Structure formats: structure tokens, C-alpha cells
Amino acid sequence: MSAADTSKIALEVKELHAFYGKSHILQGVNLKVNEGEIVALLGRNGAGRSTTVKAIMGMVDNTGEVIWRGKNILGMKAYEIAHLGLGYVPESRDIFPKLTVHQNLMLGEKGGKKPNRWSFEDMYKMFPRLRERQHTEAGVLSGGEQQMLTLCRTLMGDPDLIMIDEPTEGLAPAIVQLVAEYLMELKRRGISVVLVEQKLAIALQISDRVYVMGDRRIVFEGTPAELKADANIRKEWLEV
Amino acid sequence: MSVLNGVSYGLLLFMLSAGLTLIFSMMGVLNFAHASFYMLGAYFAYQVSEWTNYWVAFVVAPILVAVMGGLFERYVLRKTHKSGHVAELLVTFGLSFVILELVQLIWGRSAVDYKVPAALDGSLFKLFNSSFPEYRAFMMLVAVGMLVSLFLMLKKTRIGLVIQAALTHPETTEALGHNVPRVFAMVFAGGCALAGLAGVIGGNAFITEPGMAQAVGAIIFVVVVVGGMGSLAGALIASVLIGLMQTFAVGLDWSFLGGLSALGIDVTPDTFGYPVWKLKLSQIGPILPYLLLVVMLVVRPKGIMGTRDD
């Protein structure tokens, strides 16, 4: 499969508001992701990045518009959204700890009739560590291995757009590099990526475009080069 | 003999608590009406076997109970879910009273004549002059059969895998594209079917009356807590343990009095605390499960096989 037509809009989010109980977590988020593009969503903790991807996935109460390939999917159930081709890799390496690595991957499959572009073999080739540990309970894997597992598990569902929440948090540099290669592989296969990150380095290295979130809304939109040039934005919304 | 009786009663408790513990760990709600579904199973079986025969009832009654459970989950419990666990708890609590009143309205306040089928109403074998009823053996067979099929379903099928995943991580499981609400309804209906089946085989072994739900309801909560919330293996161990404990206690006349006199201490009606010392084990039998519950909560709050730390 070749890279997708990156001038076509895959996902468009308009005036997205989200709520946890009575608290107003997102206050009008607007963003776009083109086909086959890697878009980074940057910002400090609590800026609303995780909630944005969860709201797109239908996992929190929300209002506004989420348009996926021309269709408003806001208000649909998470499993229905998943079947439309959106994938979500949760933060905190939310694996199924009592199941084996292989069973975790099986749960990524949706069991539809559509042919899957990914096989177990592809996953094990990409991360040989997972093959070695395929019959191990996922709960005893190291943090890095669990991260690889969540990335592969969602991929087994054959998404056309994948949203990944903080994949490199707490990982050793060598594994961060593995994750970066995984993301580039997705791009080569024409899959759009929304990458929630705190590490500027990896985000600037692989992203096509960057959004910065602060105070529960988008405060910057541009290319990695433009963000590098804008010291004020970095200072106000990113640097700790 | 007591061992066999205890085990068969324990297995019956397990059929009830299996559903309860699965529903709890999945939805985080303790279903107060669970034992009511057990009672419904017994009454439906009675009614259907009056119209046709026991074997038809054996199949039809659990299905009826499952359908009712499924409808309740879909149209009541799921709507209540948004309002939090307290509301869910209250609505199942309310349901238990509704079922109780309906049962009394339809079948009356006294016990109905739900009998063991003639084909199984014999003695299987005799041991030390007491006989073991065929029907008890049948109960054990059904319970073990259910245990094995439940295990195979959970461990060997794809839907079992999804259930296991949704038990601990419902949100993540749904985001992967699995229809978790439907899985919840299925587990709820399945748990009710098990309770109904327990009613079918327990109602005629013991007694089918409006008080039966309450009688067993408290015990299965003890089983679930002692076994560890959400653990099937724990529920099995706790069920058999409590089954044995209750059966043995009824059959034993031991008391502190006997124990103390064996130690050479004379206890007379004048001794301090005599009413306590003269209590026989058979008299305190019914409270033993609750004592176990209290001890368990103090010593190991997460239960025998529980994994929850909170």
C-alpha cells in the first residue's frame, strides 16, 4: 500500500466541548487530520489532550462536531466508532493483565469480514520481543513491552486513523526510537496518526503538523518548523 | 454422607454466586435481586412441570428467567447506570420486592407442591444406614456440568475472551470495537439463567416458597465476599466451604461444654456465661457463614481469590 493522498481531510473536529460529570474539560477544540498524516497534539498535563482523543472516540460526554470522512460521528458509541476505522491506544498501557500477549492481540481484532491489512506475523516482526513473550501473561511484561502490545493490539483492528496517547512516557530512549519507527511504518501504509505527546523531540521529528493545547483549547497550529521558530508559544504552553 | 450433602448444597450455592460475582465485577453493581431470579426459576419450573413435565421445565424455566433478566438489564438497569451505583443498587433492591410481591400474588404465600420427579425420587446408595438421594446426585451432576461448560466458554471461546477483557477493562474493550453493552446484557441474562437453573433443581430439593429468595440471598452475598469479588474460582471454593460448614454444623452436637469438660474444667449452670457454653454447634450453624464473613473482612478483605486492592 502506498502513502495516501494527504490533501484530503480524514478527520475534522469542530467546536468540540467535553464534560466529565459537571466539569467542562474541553472548551471548543477545532482540528483537522488529513489522510496519511501524522499530527501531534502537544501541551502540558491537564491541557485537555487526552480528553480530546477520548471525546473523538466517543468515550466522554461531548458536544460539537466530529466529522470522519464526511460523516458526523459525534454521539455514536465507542465500539461503533471503532468499526468505522478509528483506533485508540490508551494511555497508561491499558493491557488486559491476566490474558496472554497473543490473547491481547486477538482482542484487537474486530471480527468483521473486511480483510485485515495486518497479521499477527506483522506484529511479531515489528516487535520481536512480543513474539518471544506471546504466551506470557501481559501483566508481567515490562513497561516498554506493554506499550508495544497496546500499539499492536489497536493495529490488529485495522484502523485507518489511529490516536495514540503518550506512547513514549517513561520509556528508555532505545524503545522511544522503536515507537517512532512504528509510527513511520503506519504513515508508509497510509494510516493517519494523532499523536498525543509531551516529548517535543519525537513529535517534531516525525509529525507533519502540530497542534498545541493549553487551557482546554487549541492555542497553536502549524508545522514543526513553525513551532521551533515560535519561542513564545513554547515558553507559554509547553516548557515546564 | 454429610460431605456429599454439603458439596451438593455448595455446588448449588456456586450456581447462584457465579452469576452474581460475574455481574458484580463487570458492572460494579451488587444485584440484590439475584436470589429473586433463583426463586423465579423454582416457581416457573413448578408451573411448567404442572402443565407439562419436569424435563420441559428444566429447559424452559431457566430460559424464561434469562429473558426476564436480559430485559431488566436492557430497559431498567442500563438507563439507571448514568445515575451511579447507588441508583443501580436501589433499583435491584426494588426489583427484589416487586418479584416477591408478584410471586405471592400469583402463587400465594405458602409453599407450593413442587416435587422431585418420580424418576429421580429414589435412593442412589446407602452408607452407614443413611441413604443418599438420587436427586442430590442429579443436582451435583447438573452443577458440575454447568461449571465445566462455563469454564470452557470463558477460556476457550472468543466471546469468553471478550467477557474476560470487559470484566476488568470495559472502556478499553469497547474502544477496540467490541459491543460491551451487549456483552453486559448477555452476562446479566446468563447469570440470571444460572440462578434460574439453580432454582429449578433447588426448589424441589428443598422448598419452593416466597421466603426462599431471602433465605439464600444473604448466603450468596457471603459467598461472593468470602470468595473474592469477581473471582469464579473463589466463589467455587467459598460455596463448597459454606455448604460443608452448614451441613456439618447441623449434624454435630458439639458444644463448648463438652470441649471444656474434656479439658477437665467443670462447667455447671452456676458458671459465668453458662448460656453461651451450652450452645451446640448445630444451634449456631446458621450464623457460621456470617461469622466467616466478618473474620474474612478483617483478615483478608479482598477474599480468598480476590485481586482487588481497594
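As a starting point, this report considers the structure included with it. Note that the coordinates shown come from a computational prediction; the quantities given were computed from them, not determined experimentally. (Residues numbered from 1 in each chain as written. Chains lettered and ligands numbered in written order. Predicted model: local features only at pLDDT ≥ 70, side-chain atom pairs only at ≥ 80, totals over all residues. Heavy atoms only, no water.)

**A look at the sheet that holds strand 4 (residues 61-68) of chain A**
Either a parallel or an antiparallel arrangement is found when strands of a sheet pair, and the pairing is made through backbone hydrogen bonds.
All names here are of chain A.
Next up, step 1: Across the sheet, 4 strands lie side by side as 2-1-4-5; this open sheet has antiparallel pairing. The strands lining the two open edges of the sheet, one partner per strand, are strand 2 (23-34) and strand 5 (71-72).
Next up, step 2: With 2 bridges joining them, strand 4 and strand 5 adopt antiparallel strand pairing. Looking across to strand 5, one finds that W68 is bridged to K71. (Pairing = 2+ DSSP bridges. Helix = DSSP H or I, 4+ residues; strand = E, 2+ residues; numbered from the N terminus.)

**Section: the sheet that holds strand 6 (residues 86-89) of chain A**
Residue and element names in this part refer to chain A.
Next up, step 1: One open sheet accounts for 6 strands, arranged 6-7-8-3-9-10; its pairing is mixed. With one partner strand each, in any of the chains shown, strand 6 and strand 10 (217-222) form the two edges of the open sheet. Each neighbouring strand pair of the sheet contributes to a mean axis angle of 20 degrees, computed without reference to strand direction.
Next up, step 2: On the sheet, helix 1 (residues 49-56) packs against strand 3 (38-42), strand 6, strand 7 (161-165), strand 8 (192-196) and strand 9 (209-214) and is oriented at approximately 145 degrees with respect to strand 7.
Next up, step 3: Running at roughly 165 degrees to strand 7, helix 7 (residues 173-188) makes contact with strand 3, strand 7 and strand 8 of the sheet. (Axes fitted to C-alpha atoms, helices over the stretch in contact; angles between N-to-C directions. Contact = heavy atoms within 4.5 Å.)

**Structural notes on the packing of aromatic side chains**
Any two aromatic rings considered together are summarised by their centre-to-centre distance and by the angle between their planes.
All names here are of chain B.
Next up, step 1: Scanning the entire structure with this criterion turns up 17 aromatic pairs over all chains.
Next up, step 2: Centre to centre, the rings of Y54 and F58 are 6.2 Å apart; their planes meet at 40 degrees, and the pair counts as tilted. A residue pair is termed a helical-turn pair when its members lie 3 or 4 positions apart in one helix, as Y54 and F58 do in helix 3 (residues 54-80) at 4 residues.
Next up, step 3: With a centroid separation of 6.3 Å and 70 degrees between ring planes, the pair formed by Y54 and Y135 is classed as edge-to-face. One end of the pair, Y54, is in helix 3; the other, Y135, is in helix 5 (residues 134-156), with 81 residues separating them in the sequence. (Phe/Tyr/Trp six-rings, centres within 6.5 Å; stacked < 30°, edge-to-face > 60°.)

**A closer look at the side chain of T208 of chain B**
All names here are of chain B.
Next up, step 1: Mapped onto the fold, T208 is located in the loop between helix 8 (180-203) and helix 9 (212-227).
Next up, step 2: Taking the relative accessible area as the measure of exposure, T208 reaches 1% and is therefore buried.
Next up, step 3: A polar contact of 2.9 Å, which involves the side chain of T208, links it to the backbone oxygen of G203. (Buried < 20%, exposed > 50% of the residue type's maximum accessible area, 1.4 Å probe, protein only. Polar contact = N/O pair within 3.5 Å; in protein donor to acceptor, adjacent residues only side chain to side chain.)

**Some thoughts on a nonpolar patch on the surface**
All names here are of chain B.
Next up, step 1: Together, V56, V59, V60, I63, L64, V67, L71, Y75 and V76 line one region of the surface with nonpolar side chains, adding up to about 740 Å² of accessible area.
Next up, step 2: Following the sequence through the fold, L64 ends up in helix 3.
Next up, step 3: A relative accessible area of 38% places L64 in the partly exposed class. (Patch = residues over 30% accessible without salt bridge, like charges linked within 9 Å, V, L, I, M, F, W, Y side chains within 5 Å. Areas by Shrake-Rupley, 256 points an atom, 1.4 Å probe, with all protein chains shown as cover. Salt bridge = Lys/Arg side-chain N within 4 Å of Asp/Glu carboxyl O.)

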